[in-house]
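If you want the building blocks of each chain, they are given just below.
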Amino acid sequence: MDLLEVMRKRRSVRTYTEEPITEESLTKILQAGLLSPSGRARRPWEFIVVQKRETLDAMAGCRDGAASMLRGASCAVVVIADPEKTDVWVEDCSIAMANMHLMADSLGIGSCWIQGRLRTAGDTSTEDYLRKLLHFPAEYRLEAILSLGMPQNHPAAYELEQLPAEKIHRESY
Ligand SMILES: Cc1cc2nc3c(=O)[nH]c(=O)nc-3n(C[C@H](O)[C@H](O)[C@H](O)COP(=O)(O)O)c2cc1C
């Protein structure tokens with residue numbers, strides 16, 4: 001399948017069957033993350049892979065509502081970075097997230113970006129909630145979590161004709 005076709009079919013998938021994702025697919029998804037470009041090739045990110053049911057269930061509480069799909073997920077990849085390594089860590093982490101999300105969809109695995117940075121779980125930040133659970137160092141900042149699972153419902157592909165072409169400005173705005 002050509003890359004545009006993969007992108008056209010990619011959607012956020014929030015409901016999963018109980019079937020676990022294969023290690024082979026997980027490896028490819030993580031490789032897609034590791035292949036991501038980063039500013040000055042600093043690769044400031046680290047990926048925490050969570051597959052234990054108990055931990056995934058606890059992680060579902062990391063956002064007020066918005067992370068509940070983790071209760072049904074087979075796996076999650078938590079993307080964190082050390083801001084001391086680069087001032088573009090947010091961009092670097094976002095690219096890694098997008099690459100893993102796209103790779104997952106191309107392999108028939110459902111995934112969804114769960115925003116972590118700037119988000120809360122009650123009185124605590126999502127970052128501190130996950131730091132306590134996953135024990136990442138204080139200097140690391142949370143970007144986002146990618147939930148992964150075999151899709152129960154995969155939303156329809158986009159149609160190229162329906163893309164918001166008016167957002168493209170040629171030569172000047
Ligand atoms: C930066 C970013 C943050 C997002 N945060 C969440 C989130 O916290 N929870 C969630 O369910 N989806 C989240 N999403 C998924 C978007 O809601 C989704 O991409 C959007 O609705 C378009 O749908 P599509 O991905 O199926 O094209 C996020 C996506 C991005 C790129």
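Our structure's up above, just so we're on the same page.
The rules behind each value
- Residues numbered from 1 in each chain as written.
- Predicted model: local features only at pLDDT ≥ 70, side-chain atom pairs only at ≥ 80, totals over all residues.
- Heavy atoms only, no water.
- Salt bridge = Lys/Arg side-chain N within 4 Å of Asp/Glu carboxyl O.
- Helix = DSSP H or I, 4+ residues; strand = E, 2+ residues; numbered from the N terminus.
- Core = buried A, V, L, I, M, F, W, Y, C linked by side-chain atoms within 4.5 Å.
- Buried < 20%, exposed > 50% of the residue type's maximum accessible area, 1.4 Å probe, protein only.
- Contact = heavy atoms within 4.5 Å.
- Phe/Tyr/Trp six-rings, centres within 6.5 Å; stacked < 30°, edge-to-face > 60°.
- Pairing = 2+ DSSP bridges.
- Axes fitted to C-alpha atoms, helices over the stretch in contact; angles between N-to-C directions.

1. What to know about the pattern of salt bridges
Stage number 1. The full count for this structure, using the stated rule, is eight salt bridges.
Stage number 2. Note that R8 and E159 form a salt bridge whose closest N and O atoms lie 3.9 Å from each other. Of this pair, R8 sits in helix 1 (residues 3-9) while E159 sits in the segment after strand 6 (141-149), placing them 151 residues apart in sequence.
Stage number 3. Shared partners join several salt bridges into a network, and the residues in it are E5, R8, K9 and E159.

2. Notes on the nonpolar core
Where a protein is soluble and globular, its nonpolar side chains tend to be buried together.
Stage number 1. One finds M59, L70, V78, L130, L134 and I145 to be the most contacted residues of the largest nonpolar core, which totals 23 residues.
Stage number 2. If you list the elements that add at least two residues to this core, you get strand 1 (45-50), helix 3 (53-59), strand 2 (75-81), strand 3 (110-115), helix 5 (126-134) and strand 6.
Stage number 3. Here this core takes three residues from strand 2, the largest share from any one element.
Stage number 4. Excluding its chain neighbours within four sequence positions, the residues that come into contact with V78 are E46, F47, I48, M59, L130, L134, L142, A144 and I145.

3. Description of the packing of aromatic side chains
Stage number 1. For the coordinates displayed, the defined rule picks out one aromatic pair.
Stage number 2. Ring geometry for W45 and F47: centres 5.2 Å apart, planes at 20 degrees, overall stacked.
Stage number 3. On the accessibility criterion, W45 (7% relative accessible area) is buried.
Stage number 4. A relative accessible area of 18% places F47 in the buried class.

4. A closer look at the pairing of strand 2
Residues in a regular strand project their side chains so that they alternate between the two faces of the sheet.
Stage number 1. With seven of its seven residues buried, strand 2 lies for the most part within the structure.
Stage number 2. Because side chains alternate across strand 2, one face comprises the buried residues C75, V77, V79 and A81, and the other comprises A76, V78 and I80, equally buried.
Stage number 3. Strand direction decides the pairing type here: strand 1 and strand 2, joined by six bridges, are antiparallel. Looking at the pairing, V49 lines up with V77 of strand 2.
Stage number 4. Here strand 2 runs beside strand 6; their pairing, made up of seven bridges, is antiparallel. Opposite V77, over in strand 6, you have L146 as the bridge partner.

5. Some details on the sheet that holds strand 3
Stage number 1. Spatial strand order, 1-2-6-3: four strands in an open sheet with antiparallel pairing. Each edge of the open sheet is held by one strand with a lone partner, namely strand 1 and strand 3. Taking the axes of each pair of neighbouring strands and ignoring which way they run, one obtains an average angle of 20 degrees across the sheet.
Stage number 2. Of the pairings in the sheet, the one linking strand 3 to strand 6 comprises six bridges and is antiparallel in character. Counted as the bridge partner of S111 is L148 from strand 6.
Stage number 3. Packed on one face of the sheet, helix 2 (residues 23-34) meets strand 1, strand 2 and strand 6 and runs near 165 degrees to strand 1.
Stage number 4. Contacts from helix 4 (residues 89-106) reach strand 1, strand 2, strand 3 and strand 6, with the element oriented near 0 degrees to strand 6.

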